[in-house]
Amino acid sequence: MEAGPLESRLSMEDYEKLQSLFLVSVSFSRAEFIEQAWSAVRRGSREEYGLLFDSVVVTQEQRIDWERLTSFLLLGLSEKEENERAATVPRWQPPRTLTPPHPFNVILHWWLCIHYLLTSLCKGGTLGVWAGEDFALLQTHRLHNDSVRPKDLWVTAMVVLHNVHKIAVSFTSKELCFYDLLSKQQFSCQYKLQGLRYAPLSLDYWFHPTYPAQAVLTMGDTGGQVRGEGGRQGDKGGGEMGTGGKGGGETGTGERGGGETVGQVGERWEQVIEELSEHSLAIEKGCHRQTWHSREDSLCEHCPQNEVETELHFLTSCQMYDHIRDTYFPQITQILKEFENKPNFNELPYLLGEIPQCTITAARFVTCCHKKRATSEEQTPLQIQPIFMFICFTICT
Ligand SMILES: [Zn+2]
């Protein structure tokens, strides 16, 4: 017997042959149906026609007719469709309640899928970071902003800058502060955008998946304006994208409360993105940081190259990992030939797991480098975590 029931193996022509039988005689008994149908169609065995008859007709006394047969076939098809639909519907697990550490209602939450992290923030400025598959509360932080008293602190919006592992939080004090999400000991404001004319109400962020230095932070404020602050290397970002209620007449010329033009703010934002990207791996030895690190403070201590220990340096040029590159880079080239001729900066997306074909190899490479780095110094700086988190994620998937 062939796979599947007879009715699912019959073709349109076979059904036309069956239909023509019922034009000659309106109905058939079991024995008649088996004999006539089998001789007309010549597909399947007599036994299978008997089974089809038994499926269509409830009692042996009944006779099969075209209407009964087609109703049975339609019923089968709709059942099949229903089953298929049920199989494709996402199967949600029962909902789980997380008890927030916030004194106020949670107003914001962000899901960082790449890090398996969930963050929540209340308007009073208490930030919770939840992690792992069971979402255990990993840490809580009280956001500080030195320009307002803690009791006057009022958060309006938050957005995660995934590529630089920071969060941007806006306040009613017309400020936008940037915090390092992976810093466990410090949760101080690292950078601040001040002197905004209106208080930001909502934030959104986009970055180019291949060129993370290209990014746009969008702000909607109480003045009814939507503002896009862009960060792009070698290009001037910034400028108002449109001004709600003002007909866009002020585009590019708006002056801030602090006397700063939009262009200047854009440039500053550009610098923020660049600096954040640059320093995401750099060793931070200082404590509370309100100004940029001097370059010398974060030079790589693992090689004599006198370069800042950026992700780029760590992954593509630091001599300490040359032997690891010798093992893994040819493997990546084997998977994706174009990798061989890429300049260092363009190798980053491959090594950071953004190119799916070589994610596993890249993860192995980064793991090896990380181990090498960890063994070369007793205390591993916190800022290595962006890469480590990436490895965890890769291994989980
Ligand atoms: Zn180095």
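Since we're looking at a predicted model, the values are computed, not measured. Along each chain, residue indices are assigned from 1 in the same order as the chain's sequence is written. In view of the model being predicted, local features appear only for residues whose pLDDT reaches at least 70, and side-chain atom pairs are presented and counted only at 80 or more, with totals across whole chains, interfaces and linings using the full set of residues. Side-chain descriptors were evaluated using all non-hydrogen atoms of the structure, hydrogens and water having been removed beforehand.

> Is there a simple way to explain the overall build of the protein in this structure?
When helices and strands are counted, the protein shows eleven helices and 14 strands. Three labels apply to residues, based on accessible area from a 1.4 Å probe with only protein chains included: buried if under 20% of the type maximum, exposed if over 50%, partly exposed otherwise in between. Within the span of the protein, comprising 397 residues, buried residues form 43% of the whole. Should any heavy atoms of two residues lie within 4.5 Å, those residues are counted as being in contact. Partitioning the intrachain contacts of the protein with sequence separation of at least 6 by distance along the chain shows that 46% fall at a separation of at least 24. Computed with a 1.4 Å probe, the accessible areas rest on the Shrake-Rupley method; for each residue, only the protein chains presented here act as cover. Approximately 21300 Å² of the protein is accessible, and the part contributed by carbon and sulfur atoms is 53%. Going along the chain from the N terminus, every DSSP run of H or I of four or more residues is numbered as a helix, and every run of E of two or more is numbered as a strand.

> What exactly am I supposed to notice about the packing of helix α4 (residues 46-56) against helix α5 (residues 66-88) here?
Geometrically, a packed helix pair is captured by the angle between its two axes and the distance between the axes. Lines fitted to the C-alpha atoms define the axes, with helices restricted to the stretch that makes contact. Angles between their N-to-C directions range from 0 to 180 degrees. It is the contact of α4 with α5, at a shortest axis distance of 9 Å, that shows an interaxial angle of 85 degrees. Between α4 and α5, the angle is such that the two are roughly perpendicular. Contacts from Leu52, Ser55 and Val56 of α4 reach α5 at Arg68, Leu69 and Phe72. Residue composition of the contact of α4 with α5, by class: four nonpolar, one polar and one charged. Angles below 35 degrees are treated as roughly parallel, those above 145 as roughly antiparallel, those between 65 and 115 as roughly perpendicular, and all remaining angles as oblique. Each residue gets one of three labels, nonpolar for Ala, Val, Leu, Ile, Met, Phe, Trp, Tyr, Cys and Pro, charged for Asp, Glu, Lys and Arg, and polar for the others, Gly among them.

> Would you mind going over the side chain of Ser317 with me for this structure?
Its location among the elements puts Ser317 in helix α7 (residues 311-317). In this view, Ser317 contacts Gln305, Glu307, Leu312, Arg325 and Asn344; residues no more than four positions away in its chain are not counted.

> Before we go on, may I ask you to explain the coordination of the zinc ion in this structure?
In an ideal tetrahedron of four donors about a metal, each angle is 109.5 degrees. In an ideal octahedron of six donors, the angles are 90 or 180 degrees. The zinc ion binds to the protein through Cys300 (SG), Cys303 (SG), His313 (NE2) and Cys318 (SG); the donor distances cover 2.0 to 2.3 Å. Classification of the site at the zinc ion as tetrahedral follows from its four donor atoms and the range of 105 to 115 degrees in their angles at the metal. His313 gets classed as buried once you look at its relative accessible area, which sits at 2%. Because water is not among the atoms used, a metal site may look incomplete, as its donors are only the N, O and S atoms within 2.8 Å, or 3.2 Å for Na, K and Ca. Any site counts as irregular unless it has four donors with all angles between 85 and 135 degrees, making it tetrahedral, or four or six donors with opposite ones more than 155 degrees apart and the rest between 65 and 115, making it square planar or octahedral.

> Help me out: how do you make sense of the nonpolar core in this one?
If you look at soluble globular proteins, the nonpolar side chains tend to sit buried side by side. Side-chain atoms within 4.5 Å are what join buried Ala, Val, Leu, Ile, Met, Phe, Trp, Tyr and Cys residues into a set we call a nonpolar core. Leu315, Tyr321, Leu351 and Phe365 are the most contacted members of the largest nonpolar core, which totals 22 residues. Those elements that provide at least two residues to this core are α7, α8 (322-335), α9 (344-351) and α10 (359-376). Top contributing element to this core by residue count: α8, with four residues.

> Looking at this structure, I do not really get the confidence of the model for the protein. What am I missing?
Caution applies to low-pLDDT regions: their predicted coordinates should not be interpreted in detail. Scored by pLDDT, the protein has a mean of 71; 68% of the residues are at 70 or more. pLDDT expresses how confident the predictor is about each individual residue, on a scale running from 0 to 100. No element of the protein has a lower mean pLDDT than strand β14 (residues 240-243), at 35, and none a higher one than α8, at 93. Predicted confidence is poor over residues 272-296, with pLDDT under 50, and the contacts of this stretch with residues over four places away or in other chains come to 62 contacts. Note that residues 379-397 has pLDDT below 50 and, in this model, 46 contacts with residues that lie over four places away or in other chains.

> Would you take a moment to explain α8 for this structure?
Note: α-helices contain 3.6 residues per turn, so residues at a spacing of three or four share the same orientation. A rise of 1.5 Å per residue sets the reference length of α8, with its 14 residues, at 20 Å; its end C-alpha atoms lie 20 Å apart and thus fit the reference within 8%. Maximal helix bending in α8 amounts to about 25 degrees, located at Tyr328; proline Pro330 follows within four positions. Listed as buried for α8 are Ile324, Arg325, Tyr328, Phe329, Ile332 and Thr333. In this structure, the buried side of α8 is in contact with α7, α9 and α10. To estimate how far a helix should reach, multiply one less than its number of residues by 1.5 Å. The seven residues ending at a residue and the seven starting there each receive a fitted axis; the angle between those axes is the bend at that residue.

> Hey, could you run me through the sheet that holds strand β10 (residues 189-193) in this one?
Hydrogen bonds along the backbone pair up the strands of a sheet, which may run parallel or antiparallel. For two strands to be treated as a pair, DSSP must find at least two bridges joining them. Here we have four strands laid out as an open sheet, ordered β7-β8-β9-β10, and antiparallel in their pairing. Strands at the two margins of the open sheet, each flanked by one partner only, are β7 (155-161) and β10. Each adjacent strand pair in this sheet contributes to an overall mean axis angle of 20 degrees, direction not counted.

> Looking at this structure, I do not really get helix α3 (residues 30-41). What am I missing?
Over its twelve residues, α3 extends 16 Å from the first C-alpha to the last, a length consistent with the 16 Å expected when each residue adds 1.5 Å. Looking at the buried positions of α3, the neighbouring elements they touch are α2 (12-24), β1 (27-28), α4 and β2 (64-65). Remark: Arg42 follows α3 within two positions and exhibits a positive phi of approximately 60 degrees.

> For this particular structure, what's the right way to read the pairing of strand β8 (residues 166-171)?
The two faces of a sheet get side chains in turn, since along a regular strand they alternate between them. Of all six residues in β8, six are buried, a share of seventy percent or more. The pairing of β7 with β8 spans six bridges and is classified as antiparallel. What sits directly across from Leu161, in β8, is Lys166. Linking two consecutive strands that pair antiparallel, namely β7 and β8, is a turn of four residues; a positive phi of about 55 degrees is found at His165 within it. When β8 meets strand β9 (residues 175-180), the two strands line up antiparallel, connected through six bridges. For Ala168, the partnering residue across the bridge sits in β9 and is Phe178.

> Hey, could you run me through unusual backbone geometry in this one?
Leaving glycine aside, a negative phi is the common case for residues, and trans is the common case for peptide bonds. Phi is positive for Arg42, close to 60 degrees, though the residue is something other than glycine. In this structure, Arg42 sits in the loop between α3 and α4. The exposure class of Arg42 is exposed, given its relative accessible area of 57%. At Asn306, a position not held by glycine, the phi torsion is positive, near 60 degrees. Mapped onto the elements of the fold, Asn306 is located in the loop between α6 (262-279) and α7. The class of Asn306 is exposed, set by a relative accessible area of 55%.

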